[in-house]
Amino acid sequence: MKNIVVMGSTGSVGIQSLDVISKSKSHKVIGLSCYSNADLIFEQTKEYLPNFVAIEVIDPSHNLFNLCKENNIKLITGNNASCNIPFDNLDLAINAIVGTAGLKPTIELVKNGIDIALSNKESLVLGGHIIMPLAQKNNVNIIPVDSEHSAIFQCLNGENLKELKKIILTGSGGPFLETPIDKFNTITPDQALKHPNWDMGAKISIDSATMMNKALELIEALWLFNIKLDKIQITIHPQSIVHSMVEFVDGSYKAHLGLPDMKVPIQYALTFPNRTNSSVGSLDFENLNLDFRKPDLERYPILSLVEELINLGGNRVAVMSMANDYIVERFLDRKISFNEIFYLIQEVVNEFASDDLPSLEELFILDKNIQLYLNSN
């Protein structure tokens, strides 16, 4: 029986993770955490009766306090609540926190020797240079939950990495793959949230529409698989059936196929290195048509920018990722247009770019300064 904490339990991946766990007889939820959705985590707490619950923002009169007291559940509140959980008796943590907020919990988990099922891309985008050496030192397994990285992880399992020639990272192209570029300025948040294949949270859905999601996944793959940029190729695959592929030096390929359902990579991360039955359906190969195409960099300019920033190094990819968090919020709040997302990201990168690789403390200061800059402009 694995004891599990689900961080970001009230978000899309967190909710789906709990659904997967509820069908399992070999996992027990001993902890839940979220930022501020007290009503939903209250219902989750009633259902799973964990040992502890962590929430940063909550009204002191909320019924969650009484529920935890009545059931002898430790309730952790306030800033960095997810970092202040008890780490004893914990076998695995699902980090499904969205955005920059997921970085510090990942580092705390690694410091405490806890294996992580990682859905938070930003942890490695911002702090891969800190997390990966620490994970190796503490013998911590980082098992990717993103469908693309899970696919690559599974394709490489048991292989000699010296024989890897290339990783092919697939992306659907989001909801605007066929939309004329001259119409992008009229795109609304409601339109951008309607992903054609995946059921995701708001921020990740917008990132998929801009392909920022793929830019972050590219950086994450560099850290997860210890590979150079010239060995990763991004390919548009609208059907989201081939979740990613790898090519080996002998010219052979391995691809991971499946229905576009996040419960598949979540379950694999929970059961790794084993597999168990699931209720996810099967592919109909007799009626399956697969399409692959080169990304249009005019449609997805972020893909050109991210490669430039990776090559320049320093703090630039961190600035890009942090700025994106706040800029996506602006778009969702209808304060900027869809096209302005990219130009604002460029502006913030130019403002804060440095050749120095930031420490953890410098990353938090940088995040605060980027927020202040955007709020004042």
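Residues numbered from 1 in each chain as written. Predicted model: local features only at pLDDT ≥ 70, side-chain atom pairs only at ≥ 80, totals over all residues. Heavy atoms only, no water.

Peer 1: Help me understand the overall build of the chain, please; the structure alone is not making it clear to me.
Peer 2: Counting its regular elements, the chain contains 14 helices and 11 strands. Relative to the globule expectation of 21 Å for 377 residues, the C-alpha radius of gyration of the chain, 20 Å, shows essentially globular dimensions. Taken along its principal axes, the extent of the C-alpha atoms in the chain is 55 × 50 × 40 Å. By the burial criterion, 54% of the 377 residues in the chain qualify as buried. Within the chain, counting contacts between residues at least 6 apart in sequence, those at least 24 apart form 66% of the total. (Helix = DSSP H or I, 4+ residues; strand = E, 2+ residues; numbered from the N terminus. Rg over C-alpha atoms; globule rule 2.2 N^0.38 Å. Buried < 20%, exposed > 50% of the residue type's maximum accessible area, 1.4 Å probe, protein only. Contact = heavy atoms within 4.5 Å.)

Peer 1: Which parts of the structure should I look at to understand the nonpolar core?
Peer 2: For soluble globular proteins, the rule of thumb is that nonpolar side chains tend to be buried together. I302, M320 and I370 are the most contacted members of the largest nonpolar core, which has 120 residues in total. The element contributing the most residues to this core is helix α12 (residues 316-332), with 10 residues. Residues in contact with I302, not counting those within four places in the same chain, are T210, M211, M212, A215, M320, F342 and I345. (Core = buried A, V, L, I, M, F, W, Y, C linked by side-chain atoms within 4.5 Å.)

Peer 1: Looking at this structure, how should I read the sheet that holds strand β8 (residues 164-171)?
Peer 2: Whenever strands of a sheet pair, they do so through backbone hydrogen bonds, lying parallel or antiparallel. Across the sheet, which stays open at both edges, the four strands sit in the order β9-β8-β10-β11 with mixed pairing between neighbours. The strands lining the two open edges of the sheet, one partner per strand, are β9 (232-236) and β11 (253-257). Across the sheet, the axes of successive neighbouring strands diverge by a mean angle of 20°, strand direction being ignored. Sheet analysis places β8 next to strand β10 (residues 242-248), joined by four bridges and oriented antiparallel. (Pairing = 2+ DSSP bridges. Axes fitted to C-alpha atoms, helices over the stretch in contact; angles between N-to-C directions.)

Peer 1: How should the state of the cysteines be read in this particular structure?
Peer 2: Each disulfide consists of one covalent bond between the sulfur atoms belonging to two cysteines. Tallied over the entire structure, the rule returns zero disulfides. As a non-bridged cysteine, C68 has C34 as the owner of its nearest cysteine sulfur, 11 Å distant. In this structure C68 comes out as buried when scored by relative accessible area, which is 2%. (Disulfide = S-S within 2.5 Å.)

Peer 1: When you look at helix α6 (residues 147-156) in this model, what are you seeing that I'm missing?
Peer 2: Counting along an α-helix, one turn takes 3.6 residues, and residues three or four places apart therefore face a common direction. With 10 of its 10 residues buried, α6 lies for the most part within the structure. For α6, the full list of buried residues reads S147, E148, H149, S150, A151, I152, F153, Q154, C155 and L156. In the core, the buried residues of α6 are packed alongside β7 (142-144), β8, α9 (212-224), β10, β11 and α10 (263-271). Following α6 by one or two positions, G158 has its phi on the positive side, about 85°.

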